Amino acid sequence: MPRRMSVAMTQQQCRARTKTVTRRKGWWLDKHGRPLVKPGDRLLLVDRVMGFKKGERAAVLAEVEVVSVRREPLGYVLLKRPPSAPRARDYGRDEMVREGFPGMDPLTFVDRYFSKAQGITAAEDVTRIEWRYLDDEAGER
């Protein structure tokens, strides 16, 4: 069974299939030093993974296949051409589209979803997970 990943703050973007990338503070290695997620893994995007009352269950929004996983400083989204994407037109703006927030200023994104919400600074490494929606290949929605 695929692993579940909460997309509580971006449910709308996942339902619309506009979000294809997420950044996580963790999601890198397990306690034995093995990758938690790797390309080819399938994930279930759910509305939440904790805080259920008796009888409640997570709502599955989509099943996805991981395309790429890498660690990078959160602050890379504030740059036009970080070392991980030397040919990027404007990495930060492009990543906002992939995150499901076209038009959002990358600094606002970092502040709202990481600094204020999780206490993560732009200098800290995060795990960037990119996926594709499995229902897209069948033309379903």
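Right, let's walk through the structure included here.

Rules used throughout
- Residues numbered from 1 in each chain as written.
- Predicted model: local features only at pLDDT ≥ 70, side-chain atom pairs only at ≥ 80, totals over all residues.
- Heavy atoms only, no water.
- Pairing = 2+ DSSP bridges.
- Helix = DSSP H or I, 4+ residues; strand = E, 2+ residues; numbered from the N terminus.
- Axes fitted to C-alpha atoms, helices over the stretch in contact; angles between N-to-C directions.
- Contact = heavy atoms within 4.5 Å.
- Salt bridge = Lys/Arg side-chain N within 4 Å of Asp/Glu carboxyl O.
- Buried < 20%, exposed > 50% of the residue type's maximum accessible area, 1.4 Å probe, protein only.
- Phe/Tyr/Trp six-rings, centres within 6.5 Å; stacked < 30°, edge-to-face > 60°.

For the rest of this paragraph, the subject is the sheet that holds strand β1 (residues 3-6). Read across the open sheet, the 5 strands follow the order β1-β3-β4-β5-β2; overall the sheet is mixed. Edge positions in the open sheet fall to β1 and β2 (21-24), since each of these has one partner strand only. For this sheet, the mean angle separating the axes of adjacent strands, direction not counted, is 45 degrees. Pairing of β2 with strand β5 (residues 125-133) involves 4 bridges; the strand directions are antiparallel. When the bridges of β5 are listed, arginine 23 appears paired with arginine 128. The strands touched by helix α2 (residues 91-98) are β2, β4 (60-73) and β5; relative to β2, the strand with the most contacts, the crossing angle is about 105 degrees.

Under the counting rule described, the total for this entry stands at 17 salt bridges. For glutamate 95, the salt bridge goes to arginine 98, with nearest N and O atoms at 2.9 Å. Of the two residues, glutamate 95 and arginine 98 are both situated in helix α2; the distance of 3 residues between them amounts to about one turn of the helix. Overall, arginine 98 belongs to the partly exposed group, its relative accessible area being 31%. Between glutamate 130 and arginine 128 there is a salt bridge; the shortest N-O distance is 3.2 Å.

The subject of this paragraph is the packing of aromatic side chains. Across all of its chains, the model carries 5 aromatic pairs by this definition. Between the aromatic rings of phenylalanine 109 and phenylalanine 114, the centroid separation amounts to 5.6 Å while the plane-to-plane angle is 65 degrees, which identifies the pairing as edge-to-face. When sorted by exposure, phenylalanine 109 lands in the same class as phenylalanine 114, which is buried. Ring pairing ties together the aromatic residues Phe101, Phe109, Tyr113 and Phe114, which thus form one cluster.

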